[in-house]
Amino acid sequence: MAQETTLKLGHLANEQNAWHKAAVKFGEELSTLTDGRIAVEVYPNESLGKEIDLINGMQLGTVDMTITGESLQNWAPMAALLAVPYAYASTEHMDEIASGDIGDQIKAQIVEKAQIRPIAYFARGPRNLTSNRAIPSPDQLESLKMRVPNVPLFVDVWKALGAAPTPMAFSEVFTSLQNGTIGAQENPLALIRSANFNEVQSHVNLTQHVRSWIYLTIAESTWQNLSPEDQASVLEAAKRAQAFERGLLEASLAEDRAYLEDKGMTFVEVDGAAYAAAAKDAVLANVNDEVKPIVEDLFNSQK
C-alpha cells in the first residue's frame, strides 16, 4: 500500500525529550498499523511554530497534531486541571483522574471549544523545590526568596506556604542562585539536572507540588477526515506511544535522581500533607469557577 496521508506533528520539546521520542514512536506505530498508508512527520523545537500558533493552525486546518496542555484553558477552562498544585497526591491518583470521568469531561470540552482532540496523555515529572538547606515542612520556608515562573497561581501558592516568591525568566535563575539574589527555585528533576542547578543548590526537597500531564492531540478537522478504521489505528498508536512515554519518564526520574545525588545533592522527604494544607486556599482562590468544585473535591479526597 502506498502512503496516502501525511500528518504534521509540531511540538516545543527538543529531540532528547521523552515527548519527542513518544511522538516519533506514535508515527512508527501508526505506519505499521496502516501498512504505511499514514505517515507522521514530527517537527520538534517549535520548528513548525510555537504552541499557541500550532493550536491556531490546527483550528485552521494547516497543522494536524501537537502536544499541548494547560495552555488549552484559553479555550477550554477545564484544561486548568492539567496542572493544579497539590491536586494529585501521587502519580497513581493523577492517572485515575486523567483516565477517568473527569479526564473524559476535560477531553470533551477541549474537542468542543478548541476543535482539537486529545488522543493520549503524557505525565510530566513532578516539580520539586531546590534550596541550600532541608525544608521538610512549609513553616521552615521562613520567607525564603525563591524563583517561580510568572504565573499568578504559583506566586500566590508559594506566598501562602511562607516563601518570598520572585517571578523571573528561567534563563536568569542560575546566575541569581549563584550570586545569592534568590536562595531557591522549583522545577522537575530533568530541568534541575539540565540547568546544572546542582552547582548552585545543595538540597532537593521532594515537595512534588505540581503533578501534571499533557496531551497528544489531533485537529478535529483531520480526525473527521479519517475513516473509522484509521481512527481506530490512530487511537491504538497513541495508546502505545503513551505507554512508551511512561516507561521513558520513570527511567529518567530514577536516572536524574541518581545523577543529582552523585553530584552531591541531598534529597529530602517532606511533609506533603502540611504543604498541601497550607497551599489549598491559595490554589482555590486562583482556579477558575468552572473547575473550583472539582479541585476542592480533589483536595478533600486526599485526607
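Everything numeric in this text was worked out from a predicted model, so none of it was measured.

*Asks:* I tried to follow the sheet that holds strand E5 (residues 127–131) on my own but got confused; where do I start?
*Replies:* Read from one edge of the open sheet, six strands run E7-E6-E8-E5-E9-E11, paired in mixed fashion. The open sheet terminates on both sides in strands that have one partner only, identified here as strand E7 (164–167) and strand E11 (266–268). The average angle at which neighbouring strand axes cross in this sheet is 35 degrees, direction not considered. Here four bridges tie E5 to strand E8 (residues 184–188), and the two strands are oriented antiparallel to one another. By the bridge assignment for E8, Arg127 is matched with Pro188.

*Asks:* Explain the packing of aromatic side chains here, please?
*Replies:* The geometry of an aromatic ring pair is captured by two quantities: the separation of the ring centres and the angle between the planes. Evaluation of the coordinates by the stated rule reveals three aromatic pairs. Aromatic pair Tyr121 and Trp213: ring centres 6.3 Å apart, planes at 65 degrees, arrangement edge-to-face. Residue Tyr121 is found in strand E4 (residues 116–123), and its partner Trp213 is found in strand E10 (residues 213–219); the two are separated by 92 residues along the sequence. This pair shows no difference in class: Tyr121 is buried, exactly as Trp213 is. On the basis of an interplanar angle of 70 degrees and a centroid distance of 5.9 Å, the ring pair of Phe170 and Phe197 is categorised as edge-to-face. Taken as a pair, Phe170 in the loop between E7 and helix H6 (173–178) and Phe197 in the loop between helix H7 (189–194) and strand E9 (203–210) lie far apart in primary sequence, 27 residues in all. Here a set of aromatic residues connected by ring pairs shows up, and it is made of Tyr88, Tyr121 and Trp213.

*Asks:* I keep staring at the sheet that holds E10 and nothing clicks. Help me out?
*Replies:* Hydrogen bonds between backbone atoms are what pair the strands of a sheet, whose relative direction is either parallel or antiparallel. In spatial order, the strands read E2-E1-E3-E10-E4; together these five strands make up an open sheet with mixed pairing. Each edge of the sheet is formed by a strand with only one pairing partner; in this case those strands are strand E2 (38–43) and E4. Within the sheet, the average angular offset between the axes of one strand and its neighbour, ignoring direction, is 25 degrees. For strand E1 (residues 5–10) and E2, the ladder comprises six bridges, and the chain directions are parallel.

What counts and how
- Residues numbered from 1 in each chain as written.
- Predicted model: local features only at pLDDT ≥ 70, side-chain atom pairs only at ≥ 80, totals over all residues.
- Heavy atoms only, no water.
- Pairing = 2+ DSSP bridges.
- Helix = DSSP H or I, 4+ residues; strand = E, 2+ residues; numbered from the N terminus.
- Axes fitted to C-alpha atoms, helices over the stretch in contact; angles between N-to-C directions.
- Phe/Tyr/Trp six-rings, centres within 6.5 Å; stacked < 30°, edge-to-face > 60°.
- Buried < 20%, exposed > 50% of the residue type's maximum accessible area, 1.4 Å probe, protein only.

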